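Per-entry structural report
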Amino acid sequence: SSFDLLMSVKCRSSVCGKIMELLGQNKIDHHQRQVAILSQDSFYRVLTPEQKAKALKGQFNFDHPDAFDNELIVKTLTDIVDGKTVQIPVYDFVTHSRKEETVAVYPADVVLFEGILMFYSQEIRDLFQMKLFVDTDADTRLSRRVLRDISERGRDLEQVLSQYINFVKPAFEEFCLPTKKYADVIIPRGADNLVAINLIVQHIQDILNGGLTKRQAGCINGYGTSPRQRQPSESSSRPH
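Quick look at the structure, then. (Residues numbered from 1 in each chain as written. Predicted model: local features only at pLDDT ≥ 70, side-chain atom pairs only at ≥ 80, totals over all residues. Heavy atoms only, no water.)

Details of the overall build of the protein chain
Counting its regular elements, the protein chain contains 7 helices and 9 strands. Taking all 240 residues of the protein chain together, 51% fall into the buried category. Taking the intrachain contacts of the protein chain between residues at least 6 apart in sequence as the baseline, contacts between residues at least 24 apart amount to 78%. Here the protein chain has roughly 11700 Å² of accessible surface; of this, 51% comes from carbon and sulfur atoms. (Helix = DSSP H or I, 4+ residues; strand = E, 2+ residues; numbered from the N terminus. Buried < 20%, exposed > 50% of the residue type's maximum accessible area, 1.4 Å probe, protein only. Contact = heavy atoms within 4.5 Å. Areas by Shrake-Rupley, 256 points an atom, 1.4 Å probe, with all protein chains shown as cover.)

Comments concerning the layout of surface pockets
If a probe as big as a water molecule is rolled over the atoms, it shows which places are left empty. The space that makes up the second largest pocket amounts to roughly 400 Å³. Ile37, Leu38, Ser39, Val103 and Val105 are, among the 22 residues lining the second largest pocket, the residues nearest its centre. Counting residues per element, the lining of the second largest pocket draws most heavily on strand β2 (residues 35–39), at 5 residues. Considering only residue class, the lining of the second largest pocket consists of 14 nonpolar, 5 polar and 3 charged. (1 Å grid on protein atoms, 1.4 Å probe; cavity = no way out; pocket = protein on both sides within 12 Å on 5 of 7 lines; lining within 4 Å. Points joined across faces, edges and corners; volume = space filled by probe spheres on them. Nonpolar A, V, L, I, M, F, W, Y, C, P; charged D, E, K, R; others polar.)

Side note on the pairing of strand β3 (residues 86–92)
Within β3, 6 of the 7 residues are buried, which leaves it mostly tucked inside the rest of the structure. Bridge count for β3 against strand β4 (residues 97–105) is 6 bridges, and the pairing is antiparallel. Bridging from a neighbouring strand, Gln87 pairs with Ala104 of β4. Between the antiparallel neighbours β3 and β4 lie 4 residues, among them His96 with a positive phi of about 60 degrees. (Pairing = 2+ DSSP bridges.)

A short note on unusual backbone geometry
Phi is positive for His96, close to 60 degrees, though the residue is something other than glycine. Note that His96 resides in the loop between β3 and β4. In this model, Arg189 sits at a positive phi of 70 degrees, which is unusual for a non-glycine residue. Relative to the helices and strands, Arg189 is located in the loop between β7 (185–188) and α7 (194–208). Overall, Arg189 belongs to the exposed group, its relative accessible area being 51%.

Description of the packing of aromatic side chains
By the definition in use, this model includes 9 aromatic pairs. With 4.6 Å between their ring centres and 20 degrees between their planes, Tyr44 and Phe68 make a pair best called stacked. Separated by 24 residues along the polypeptide, Tyr44 in the loop between β2 and α2 (49–56) and Phe68 in the loop between α2 and α3 (70–81) bring together distant segments of the chain. Assigned by exposure class, Tyr44 and Phe68 land together as buried. Put simply, the rings of Tyr44, Phe60, Phe62, Phe68, Tyr91 and Phe93 pair up and form one aromatic cluster. When the ring centre of Tyr182 is taken as reference, the NZ or CZ atom of Arg125 above it lies at 3.6 Å. Across from the ring centre of Phe172, 3.9 Å away, lies the NZ or CZ of Arg141, which sits over that ring. (Phe/Tyr/Trp six-rings, centres within 6.5 Å; stacked < 30°, edge-to-face > 60°. Lys NZ or Arg CZ within 6 Å of the ring centre and 35° of its normal.)

Focus on the packing of helix α5 (residues 138–152) against helix α6 (residues 157–176)
At a closest axis distance of 10 Å, the pairing of α5 and α6 adopts a crossing angle of 135 degrees. By the angle between their axes, α5 is oblique relative to α6. The interaxial crossing formed by α5 with α6 has right-handed handedness. Contacts between α5 and α6 involve Ala138, Arg141, Leu142, Arg145, Val146, Asp149 and Ile150 on the former and, on the latter, Leu157, Val160, Leu161, Tyr164, Val168 and Phe172. (Axes fitted to C-alpha atoms, helices over the stretch in contact; angles between N-to-C directions. Parallel < 35°, antiparallel > 145°, perpendicular 65-115°, else oblique. Left-handed = near helix turned anticlockwise from the far one by under 90°.)

This is the structure in structure tokens:
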């Protein structure tokens with residue numbers, strides 16, 4: 001069957017997880033999933049020794065657009081649109097390095113790509129047919145970051161707060177928030193907004209069931225869609 005939707009989401013991963021849960025895709029083998037999730041966090045650049053030394057001290061800005069390997073993101077998304085299996089890097093947030101192993105993402109009908117700066121680059125933005133921006137309160141964003149970085153990434157509270165004040169908050173205001181204008185759908189309150197999430201889930205289900213026009217694409221850090229379309233005669237073989 002053919003590829004249907006590439007969705008970009010400017011959002012927290014909890015929203016994508018909720019979408020997958022409601023679609024029942026989280027219980028399906030990766031080879032057979034109709035919906036797949038990718039994260040911009042997988043595509044951090046390989047740091048130089050000097051940059052890694054700064055990162056270990058909490059002095060490297062991981063929320064700047066230049067922190068991401070945008071060339072690899074473009075290639076990966078292009079391969080996805082072409083119906084290819086892609087190899088996704090695995091990033092170690094404790095050592096701030098890209099691991100040797102990769103994770104295979106198999107062809108799917110709908111692909112959700114979540115990340116805080118998915119709308120920043122026009123080249124990347126234009127690859128999506130649907131773009132969603134998940135809008136959450138600043139205090140909520142901070143509290144979630146504190147809990148995540150301490151429990152999952154081995155950082156202390158002082159380092160987390162320092163990084164938030166010096167890098168995260170300024171980068172959000174300069175690079176992320178202005179891209180809100182590119183979103184097709186804005187979802188307030190994040191994963192707590194079940195009404196909005198259920199509408200997105202229904203939209204995806206309609207696509208999977210063939211109830212909507214195909215050749216749409218989207219992104220989440222946004223959840224996003226951009227107006228890139230293929231001709232009705234185009235299709236991609238999707239080996240499973």
